[in-house]
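Per-entry structural report
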Amino acid sequence: MAACRMTGVVCFALPAQAGLSRAIRPSAAAYAVEERQARLIARRPSMGIPRPIGGALLAVLLSTTACGGTEPSASPATATSAAEGRCVTSYDANTDYFPVKQTLTHAVNFTLTYAKNYQVVTVKQPAPGAKPETYVLVRCGTPAPELTGELAGAVTVETPIESLYSASTTHLPFVTELGALDRLKAVASAGQITSPEVLARVKSGAITEYASGKEVDTEKVIGAKPDVLMTQGTEDKAYGPLRQAGIKVVANAEWLESTALGRAEWIKLMAALTGTEATANEVFGKIESDYTTLAAKAKAATPVTVLPGQMYQGQWYMPNGGSYVAGLIKDAGGTYPWAGTSGSGSSTLDLEAVLAKAKDAKVWLANVNEWTTLGDVKKSDARYATFAAYGTGEVWSANKVIGPGGGNDYWERGVGRPDLVLGDLVAILHPDLAPGHEFAFYQKMTK
């Protein structure tokens, strides 16, 4: 999967490693490239051209691609849909079919509005440089609106969906937390998954792969007719043929959010698709509450100077002051020399420039899968030993949980659980505020 996953090098500032991934905004290019590498389930747009679909086969598949109406297996988190059945059997134009609604308070890259029997979701930037995409999520058994005016060109999706194909490991905590794991039918590639629950379903055959050869098997996807294929926030050469064949391709571009809570709030898009709004409100409400409580506690402490990241291919990708990483450091009661820079991406620096400003940082927050000891750190680059944090042993890496295929849980569960990430950071920077803390993602490098 991700290049950085293979190398094990991942910047704390960058959600992944560089090399294979999505096209990136110029201001965040290197930073975001690294991010996607480590956390995506599979292939990227640059990984190759999808298998061509023969004309005859495409015609057959187009004729058979349609929304299903069968009963889904019961799930404790399907609230309204489970109580009434997936589809409405007696439509009433005066009935509000979304008694439990969601509002967005942190995510800014998508909007969510309601009509009586459908929701309208607009992803403002589905991929770097892409135009907004609108999805009309229609309650099964009710009429879809005319796609005119503001809805012109929108994609109609019948909900609650029964089958989901996922292109990113960051989706997995969302479906799990929502009790909708039974809807996940395929992942691009299972190699980077860390979730034991998801891996168990992969092993049993309940979840398959649709891009195990590093390029989307378009015939397999179209033949399976999933209700939705959710993207990893980049455009892919395979998506055109899939859309042409009637597959509903829905963008998930949570990685373009500039705050940790904004990224996590994309659980509400998954809830809108799966009919689990009540559960999403409860889950995200608890995450938000715990996060803000921790941040308030750390705000009163004296800020600790932090060094985020590490070298990758001769460059240090330093998070800019407007990035979600900068926000996490600040909320944890930390600061760093580049906290005042603008932009949500990162800046590339050489080691000498980092040493000049951050040599005396008290704590070093890295993200390298292979580092477990200070010896590992020095072996990567002998110059690392000149950092004060190395000398005092205050070097930490977000690599506590690594999956059997080398995937890092920080880039999987961590995206949806910023409260746990912040908890780790507060315990690192201000241990007196978190006695007995059990770390979820970070571990200290041993001597």
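Residues numbered from 1 in each chain as written. Predicted model: local features only at pLDDT ≥ 70, side-chain atom pairs only at ≥ 80, totals over all residues. Heavy atoms only, no water.

Some points on empty space enclosed by the protein
One pass over the full model with this rule turns up 5 cavities of 30 Å³ or more. By volume, the second largest cavity amounts to about 100 Å³. Taken together, Ala260, Arg263, Tyr324, Leu328, Tyr410, Trp411, Gly414, Val415, Pro418 and Val421 form the lining of the second largest cavity. Contributions of two or more residues to the lining of the second largest cavity are made by helix H9 (260–264), helix H12 (324–331), helix H16 (413–416) and helix H17 (418–429). Among the residues making up the lining of the second largest cavity, the classes are represented as 8 nonpolar, 1 polar and 1 charged. (1 Å grid on protein atoms, 1.4 Å probe; cavity = no way out; pocket = protein on both sides within 12 Å on 5 of 7 lines; lining within 4 Å. Points joined across faces, edges and corners; volume = space filled by probe spheres on them. Helix = DSSP H or I, 4+ residues; strand = E, 2+ residues; numbered from the N terminus. Nonpolar A, V, L, I, M, F, W, Y, C, P; charged D, E, K, R; others polar.)

Some details on the packing of aromatic side chains
Going through the model one piece at a time under the given rule, you end up with 15 aromatic pairs. Pairing Trp371 with Tyr384 gives two aromatic rings, centres 5.7 Å apart and planes at 75°, and the pair type is edge-to-face. Taken as a pair, Trp371 in the loop between strand E15 (363–366) and helix H14 (374–380) and Tyr384 in the loop between H14 and helix H15 (388–392) lie far apart in primary sequence, 13 residues in all. Taken individually, Trp371 and Tyr384 each receive the classification buried, so the pair is uniform in this respect. Judged by centre distance (5.9 Å) and plane angle (85°), the rings of Tyr410 and Phe441 are edge-to-face. In this pair, Tyr410 is assigned in the loop between strand E16 (395–397) and H16 and Phe441 in the loop between H17 and strand E17 (443–444), connecting sequence segments 31 residues apart. By the burial criterion, Tyr410 is buried, and Phe441 matches it. Over the face of the ring belonging to Tyr114 we find Lys101, whose NZ or CZ atom lies 5.4 Å from the ring centre. (Phe/Tyr/Trp six-rings, centres within 6.5 Å; stacked < 30°, edge-to-face > 60°. Buried < 20%, exposed > 50% of the residue type's maximum accessible area, 1.4 Å probe, protein only. Lys NZ or Arg CZ within 6 Å of the ring centre and 35° of its normal.)

Points about the nonpolar core
By size, the foremost hydrophobic cluster in this structure holds 92 residues, and its most contacted members are Leu184, Leu307, Trp316, Val354, Trp364, Tyr384 and Tyr442. Sort the elements by how many residues they give to this core and helix H11 (residues 277–299) lands first, with 7 residues. Those residues in contact with Leu184 that sit more than four places away from it in its chain are Leu164, Ser166, Leu172, Val175, Val198, Ala206 and Ile207. Core analysis: the second largest hydrophobic core is formed by 16 residues, Tyr165, Tyr210, Val221 and Tyr239 among them. (Core = buried A, V, L, I, M, F, W, Y, C linked by side-chain atoms within 4.5 Å. Contact = heavy atoms within 4.5 Å.)

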